[in-house]
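Descriptive structure summary
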Amino acid sequence: MAFPFHRTARWVLVLAPAALGVACGGTVGSGSTSSSGGSSSSSGGSSSSGGSTSSSGGSSSGGVRVPKNHRAAATACTSPRATPTITPMSPSDKCTSHADCTAGRNGRCTQIPRIGTYECSYDACEVDAECGGAGASGVCSCRVGVGEANVCLAGNCRVDGDCAGNYCSPSQGTCGAFGGNVGYFCHVAADECVDDTDCGTPASTCRFEPAVGHFKCSDSQCAG
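This one's a predicted model, so the numbers in the text were calculated from it and none came from an experiment. (Residues numbered from 1 in each chain as written. Predicted model: local features only at pLDDT ≥ 70, side-chain atom pairs only at ≥ 80, totals over all residues. Heavy atoms only, no water.)

Spatial strand order, S3-S4-S6-S5: 4 strands in an open sheet with mixed pairing. Looking along the sheet, the strands with just one partner apiece sit at the ends: strand S3 (139-141) and strand S5 (168-172). The average undirected angle you get between the axes of adjacent strands in this sheet is 40 degrees. Where S3 lies against strand S4 (residues 151-155), 3 bridges are found, and the strand directions are antiparallel. Among the inter-strand pairings, Ser141 is bridged to a residue of S4, identified as Val151. (Pairing = 2+ DSSP bridges. Helix = DSSP H or I, 4+ residues; strand = E, 2+ residues; numbered from the N terminus. Axes fitted to C-alpha atoms, helices over the stretch in contact; angles between N-to-C directions.)

See the structure below:
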């Protein structure tokens, strides 16, 4: 009776290491897989960090792409004013030479577009601080007025930094190209356009619309 007992015990001892090996292998393998999974999860965390960077990049532009025309920094309008040739032809002309224009800074006798008569025009400013009459956000716009004078434009910003991570761009008014730019305004997430090229037709331009408080395409024009 003792012999069968010892043979049974021997088989138990032979099989036990194999069973133990499977158990250990399973445990190690499972641990390795878990560790690998943990590493993968850690990698996912790194991807999340990348998403955070992307989100930060988005907040720096307020979700609006960079406009072709925007004012990153204020610049003084110090370039010399041109002295165009004068060819007075009408009794309605209010000046006949540049020497007649002495009532302001850098006076020039200039021809009024679409009207044709001559009258004096002057530089209204050299820096933004001189545009208080256009409001706290008045911008001194260089060489864009009648006779390429410096003019003060109203709006709600002077530079990009005034726009909470967005951009400060010039905008035409309801007269479109006829009246030119009337002010500088902040882009916002609700904008329906960023550049004129978003508007589909040459007659339509991207303008700030005060009634809705953001940029949208408009083809309104004035004639003269």
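After that view of the structure, there is still more to cover.
When you line up the elements, Gly200 lands in the loop between strand S6 (181-186) and strand S7 (205-209). Considered as a pair, Gly200 and Cys217 are 17 residues apart in the sequence and their alpha carbons are 9.0 Å apart.

This next bit is on the pairing of S5. Burial analysis of S5 places 5 of its 5 residues in the buried class, the great majority of the element. The alternating pattern of S5 places Cys168, Pro170 and Gln172 and Ser169 and Ser171 on opposite faces, both of which are buried. As defined by bridge partners, S5 adjoins S6 across 5 bridges and the pair is classed as antiparallel. Paired with Ser169 across the bridge in S6 is Phe185. (Buried < 20%, exposed > 50% of the residue type's maximum accessible area, 1.4 Å probe, protein only.)

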